[in-house]
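Observations on the model geometry
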Amino acid sequence: MGTRRVPEAWLDLSWVFGYNGHTARNNIRVTQAGSLVYYVAGVGVVHDIDKRKQTFYTGHDDDITSLAVSSDGERIATGQSGRDAYVTVWDAATTETISVLRDGHTHKVSSLTFTTDGKLLASVGGPDHKQELMVWDWRKGRRLAHAVAYSGKVEEVEWEPGSSTRLVTCGHNHVKFWKLSGNVLQGHTGVFGSEGVSGQVSVSHMGDGRVVTGGEAGHLYVWEKTRLTSIIKNVHPGGVLVTEVYPGGLLTGGKNGTITIFDRQLNKVSSVPEPPSLVYDTAGSIHSLAVFNDKVIVGTGKNEVWTMRLSHEGDFQAACVVQGHSVGEVWGLATHPFKPIAVTASDDSTVRLWDVEGRVPLATCVVESEARAAAFAPDGEHVAVGLTGGTFIILQAEHLKQEQRVWDRKEVRHDLKYSPCGTLLAVASNDNFVDVYSVEKKYERVYVLGGASSFITHLDWTTDSSHLQLNSGASERLIYHVATEKIVDESDIEGLEWATWTGVLGEAVAGIWHKYADVSDVNTCDASFTHGVVVTGDDYGLVKLFRFPCPKRGSKSRSFVGHSAHVTNVRWLSDGQTVVSVGGADHAVFVWRFRNVRPDTPPRERVQVSPAVEGESDDDVLDTEDELEGIPELTIDLDGSLQPTKTKKRREKKGGGGSGKGVIEVEVADDSTFARRRAAKTSASRHPDTPPHHTLLMTHVFGVRSEESVNNVHLLMDGSVVYPVAAVGVVLDPVTRRQRHYLHHTDDILCLTVDPAAKIVASGQAGRDTTIHVWEGETVRILSLLQGGHSRGVAGVAFSGDGQRLTSIGLDDHHTIVVWNWLKGYKIATARGHSDRVFGVTMSPWNASQVVTFGVKHIKFWTQAGGGLTYRQVLLGNKFRQSTVLCGRAGGVGGGEGTTGGEWWLFGVSTGHVLVVRDAKVERSVRAHKYPVYSIHVTPHSVWTGGQDGLVCRWDRDVKKCLKTYPVTDRFLDNLSAVALTSSQPGIRGLSTAPVAMVNDGPLLVATQHAELLLMDQHGIFTVLVQGHSKGEVWGLDTHPRLLEAVTVGGDNTLRRWALDSGRALGSANLRKAAHCLHLHSSAPLLAIGFLDGSVGLYLYPSLEKHGGAHHRFSEITDVRFSPSGRLLAVGSQEGVVDLYVVDTDGDSVSKEGSGLRRVGVCRGASARVTHLSWHADSRLLQINTAAGEELFYEAPHGTRQLLPESARMDLNWAAPLTCPLDVTTEGIWGSGDDLSDINAVATAAKLPLVAAACDDNGLLRLYRYPSQGSPKKHRQYRGHSSHVTNVRWTYDDSLLVTSGGADMSVVVWQVRGRGQSVDANGEAGGEESQEGGSVGTQEEDQQDTEPDDLPVEELTITDLEAAGVEGEYLPISVRSSVGIPGTKTPPTTKNGINAPVIRNSLFNNVAKPNTPATRSSTSTPGTKPNTPANRRNRHPPTTRNSTNNSLMGKRPLRTPGQGNKRLLPHLAGTAQPPARIRSLPTLAADDSTVFYCSGSLVGRLSLSQGRVAGHKLGYGDHTAAVTCLALLPADPMIVATAQTGRQGENDEGSEDSGALVHVWRGRDGVGLGLLRGGAERVVTGLSFSPSGRFLASLADADIIHVFNWIKGAHVAEAHLGAGLVTGVVHTGETTLAALTPRSLLFLDLVGNSLFPTRARLPDVMPEGVVFSVISASPGGTVVVGCSDGSLVEWRSRVVTHRLPPPTDPPITPPIRLASTSGEGATFIACRIGGQVLVRCYATDDDKLSFFSDSRIAAPTEDWTPLTARLGTSMLILGARRNQPFIVLDLTSGKFTLIEHG
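Now for a quick tour of the structure. (Residues numbered from 1 in each chain as written. Predicted model: local features only at pLDDT ≥ 70, side-chain atom pairs only at ≥ 80, totals over all residues. Heavy atoms only, no water.)

**Considering the sheet that holds strand E103 (residues 1276-1278)**
The four strands lie next to each other as E100-E101-E102-E103, forming an open sheet whose pairing is antiparallel. Edge strands, defined here as strands with exactly one partner in the open sheet, are strand E100 (1239-1244) and E103. For this sheet, the mean inter-axis angle between neighbouring strands, taken without regard to orientation, is 20 degrees. Pairing geometry for strand E101 (residues 1250-1255) and strand E102 (residues 1261-1265), over five bridges, is antiparallel. By the bridge assignment for E102, Leu-1250 is matched with Arg-1265. (Pairing = 2+ DSSP bridges. Helix = DSSP H or I, 4+ residues; strand = E, 2+ residues; numbered from the N terminus. Axes fitted to C-alpha atoms, helices over the stretch in contact; angles between N-to-C directions.)

**Observations regarding a positive patch on the surface**
Judged by side-chain charge, Lys-140, Lys-824, Arg-1590 and Lys-1608 come together as a positively charged surface patch. Relative to the assigned elements, Lys-140 resides in the loop between strand E12 (131-137) and strand E13 (142-150). (Patch = residues over 30% accessible without salt bridge, like charges linked within 9 Å, V, L, I, M, F, W, Y side chains within 5 Å. Areas by Shrake-Rupley, 256 points an atom, 1.4 Å probe, with all protein chains shown as cover. Salt bridge = Lys/Arg side-chain N within 4 Å of Asp/Glu carboxyl O. Lys, Arg positive; Asp, Glu negative; His and termini not counted. Charge placed at Lys NZ, Arg CZ, Asp CG, Glu CD.)

**Some thoughts on the sheet that holds strand E61 (residues 782-787)**
One open sheet holds the four strands; their spatial order is E58-E59-E60-E61, and the pairing between them is antiparallel. Edge positions in the sheet fall to strand E58 (749-754) and E61, since each of these pairs with one other strand and no more. Averaged over all neighbouring strand pairs, the angle between strand axes comes to 15 degrees, with direction disregarded.

**Concerning the pattern of salt bridges**
Considering all chains together, one arrives at 42 salt bridges under this definition. Note that Asp-1139 is salt-bridged to Arg-1113, the shortest N-O span being 2.8 Å. Here Arg-1113 lies in the loop between strand E89 (1106-1111) and strand E90 (1117-1122) and Asp-1139 lies in strand E92 (residues 1138-1143), a separation of 26 residues in the sequence. We note that Asp-1139, like Arg-1113, is buried. Members of the salt-bridge network, linked through shared partners, are Arg-409, Arg-413, Asp-431, Asp-435 and Arg-445. (Buried < 20%, exposed > 50% of the residue type's maximum accessible area, 1.4 Å probe, protein only.)

**A look at the pairing of strand E62 (residues 794-799)**
Counting buried positions along E62 gives five out of six residues, so the element sits mostly inside the fold. Across five bridges, E62 lies against strand E63 (residues 805-810) in antiparallel orientation. In the strand pairing of E63, Val-794 is matched with Gly-810. Here E62 folds back onto E63, and the loop between the two strands holds five residues, one of which, Gly-803, carries a positive phi near 75 degrees.

Here you go:
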């Protein structure tokens, strides 16, 4: 009887014949032990020649394309081809994986090289038109740097010996010399000079610093640095293909097959002629050379490996140690009938005989054409070989000498077989015939078998030689009676026994084809009748082992990798213990040893193949697609349903609360009400277009995500409960029921876990922008944001035992596993998880490098290997092989009675069993539940399990005895629970205890499948903590007219009551059918519900008992509304009509149509379904909105349509809440690009001037002023829901707002707040709630002191740009092309996009005698301190950085427009000067004696002494483009960071290597310390060091912020703000930044590998048209922002504290450009007013920013405007544009020095 089960047998790779020399070079190396290392197909081979022993590395899944060996010969690196090309580093002795390097190259890895010390690995790979060079710290699996190596093919890369920073690449027409600096690879192209460029194939480093490359023209090129010093011509005609340095000099190999020997001076010593070939007339070109002691190992293009012993006299001894087939493909394979010998035939026109046991080639012959098939005669004396062209030949078997040639056909002979009796030979042809020849008659054709409709692929004889079966290309299987040449039916013949089965068609091998297989997927097979298995080869490079016979399609198999191309043939040896396979394009011959999984299995009798297919039996296993039946929760397509696309949400959301019904799309007319609302341009409202003053704060969320996810609820250390619902992480106090919320997710939270200390939470979300958040449970403050690891979503997360690592698993097709260092935010390792669905991941509590994943039919134990993971898969055995593993936990360490030691694990499976697994083997199983086990929780004393049967079981620590069972039913609820469970014994979805409770047997947290959280005490009594809707969507929502209560209906057919003030569920009722809408009566205790079947029901409130109803419609009821008087009920339906009912509030009268309702009118005339209803306050007029965008009005109670003009609608008094979104008073909520489904619901407040809108986009709730008329209005928006927000309602007193989510099934309660901390027009702080400090990240601060979801950034005008101080040269290209700067001319540009230089005189002509500055003396006009309060005149001045006693221009009258000292500054030597708009950026060091400034691509350094220029020299000159910004390290001022513009050539567009560079260098001597590059950005306009100097932040292209650890040269994080034009960035703390745009301020926190932005709250009153222009931050983190009107705004601890109005003396005419800098206790602002430069000092050491003093200086020139201000200790320096003077202001004396360019 056939079965789909996996065979209990295995194949082990024992030998590989062949070598890949024809498509690769430099792929032979030698280990420390002297073994050869090379690769064949997808296998790395370590070949001990002397011992004839091979070991294999099989860690690749595609062709290996490159190889490198470390200098000590212990580690090997191999790279592969494929879309996901990766590199592995493995041990030469054990062939175990050490590291896997992913997320680097695509297409293929073409070259690899280790540094001399073996610490770094360089790789080149990618498509030929754009190959990348990458440098790896391979032990950590981290990429340190990468760059585009060349726009053409790169042949080889090699490190400079002894260096870890310099390397060379060569290839098509180039040689490139690279330097690794920081995270940047700087490349310099070698100059060929007059010789002209030439393709270079190989590179080697001589010991004296010279570099030798071999060229395609046959020459050797000798380089020193980047200069070509000499050429040795005509070394190898046709090209130098390989160079290799050896102790005596250099070896070269050429296309002509010779080897040339050079000494160390590169003098030619001798030339070795091409080595002889065992097969060919010539051995082919030399593709690889390696040296080991006195041996030279040579790899040739004919796939042969030779060893030679060389002497300086030119003598040599050669031996061929490896050979294989070369060009074309290998298809022919046959094995000797009784010897361990195989024969292969190939397209290289050779036939080869292999001694499989002796592991040597025996004989080879060259035939006349390509050979495609081979067969041994039964006596083993002859070999028949099929050729192309219709020929076959007979060879003598021992020496392969040709004895006979037969040519009867014109097509290729694809298969041939001798009959078992040896008298006949059947030969298949591609012309659809099989010719049968008589051996005794010297191969005379005796029979011709026709009738096949396509070419013949396989042949097999019966044991009696009477019948022959064939397979054809048309998927036919035909059986012939040979003697009669007729096709027969197998079922008509009794006792038919096949001698072989090599055909891939037939009932006996139907199982080798999977359900969706193509007819060409399986190429070959061979059955072992003794072992009852069949081995196959397929198009995917896999050798598979199936049971035989396997008549059931889609049978299970074991797969074995090695071949990289399609496997063309497989055969058993005569001993029945060995399998030989051949690959097509990889030309390899693999030898496999067969072994039984159960070695004690007795030999079997010969398998008999039945002629008919057996029927299915009851014990047949299920297909993969069916094995989840009976577990409905697992059949949900998470991968599909979690796509966060707007289109999908719109398609599903109108389905009617989970009804599954589709929605008929309705076309909205251009003249509809909706079209008019959307097109409104001007506001008709008298209210200002500003966001509402009121804000919302999330206070409570009803619901929990437990239906589609498991083990997502946990108890924290303090006893709080943490769980996900929608996009919110909820922390619930089980005593007070108060919640804290983590609100930084943007889509559904799919998984959640806590660290071993139960203090830190990790949560992963769904969506295109998949992220993992790590946050603190107590403060809900974000600690790390992990991005870039997954797509679609995160299925599971788990902490390591020490809490330092986090493992996540994704929802992508490969279920990718990523191990993170979550605190630093980088990936430690990554790997593909499993092809079937993975349900969970956990980590070993004792070994941080071990990860366990489980899911459909698998459990895998993973171990970190560098940047990758290797795994062992648990053999589940026959009983559980088709089970789904749903949960897993570590059980403990050590063994109990009768067990061995080591870690042991517990896994719950879909059969209800718990598996005990030790050492990746199932040790035993326990039947724990009747239905699937969803949760296992382990405590020091017990093991808890929860199943679908609704039972919580407590087991002893060894899981051998169930101590007690706790059923989850209403009977065991405590007396305090006001509500019952949704159903009796709901399925368990999670179990958890707090760490303290684990020791003291505290309460157990239980999650059920019906969105319930229960807390179970020691006695098994449950307390209900959380309830919620569990299925479908929640659309029906209303609030009580007099109480703080709400009621909802959802797709789970339940009606639920909620207490909004206490956060408790008050009751629920099972409606037994799906409902969509509801409404509470204003005075009577009644509730109306609209159902999907077209009925409407009346229910009593609060008992929720059925009172009455009516059923007049057959389509979904879309809205129900009681009139304000309570006498009428309007019921809208999908049929486009509204029924009006009289309501019996007393319940005494019963009409014929239904209890409590009597229909009195019908509103007709709508062209589409009714979406919303609203009543007039007098209950006589009804407004209807439809899906066609119509706004209709009807008289009540008769339903007569009323035509109201637009002007009349303005004054209608609608009863609150107004819920029609098309009303004229709410037209400002519609954006110009919205469609009608973008807003699902609106509600106006009863007393407050507010309207709330429930949006379809990204789960947003928006808050507008009311009325909101005219063009789209500014608003506030809030996140929390992960799906579309379906409904919104205010409470009766407007204190709370309630929203319902669609697919997230949550109900969210928002508290309405008035103005928080506000700043009035005079700049004073005030308002209802004054906020104190605290770090950003908590819920209070995120929602009150920051505005993460405020109005989107508006477009900027030209005036905005000028006021913000943004120059055209600094804008990214895309911005510069669309935004013009008035009054400026575009300077001429050169070819590379850099502004055309202007050459000036050299500074260094008179360095020995610097210019003596000229001094202008004049009187100073004293001034007064304007508007200074009397109590401030005698106050102590503010202190600047590193200053305690300096006078700050204070205690004396200020100097107004006076003149100070004047100094002349010569130009820097050799500087290619950029246009004058580039800033000079003068910057003072903390010692006040050093000034750095920029001039073109150079940085100058001035030395100051007592206000005089004491020295002047070049500070740094390694820039290659204009310098755009400069920063000094605060902790060590002599460390400088500068940024240069990126290249913009034809070949650099979009290339990351052409991006802007940041140089970090030592200030005292200009020595470079590192280079940093963020990406392909063109311009860096801002740099900022963190206070400790560890991090350096850069602002690129006015939008992208990068953070570097410049000391390590590592790129830490980046953020694309998308917030408009970012004009500045400063550090406010070690891991915090502030970024400024003209309209907003963003705070960014460095969390993990991400920058997490939050929008700062702005002053409530800002003059119209005023924008932010400049930002500075004090060392204490105080942020001061200058505005275009001259005013200042201050933020402390991220709270806006003060707005200081602009100065009135002198008056300022906005817009004005400001320069700003801050120190300890003071902020300085400089600006140009008329002919003066005004410098104002503000004190920041008080409670709020205050003016202290000012100084006025005559402007040096007419166009001089301060652009930068930098602070030293007691001096301030102001800079303008290039070549304009600097002003150095002494803050102690008030004197200034003017430094001009001479």
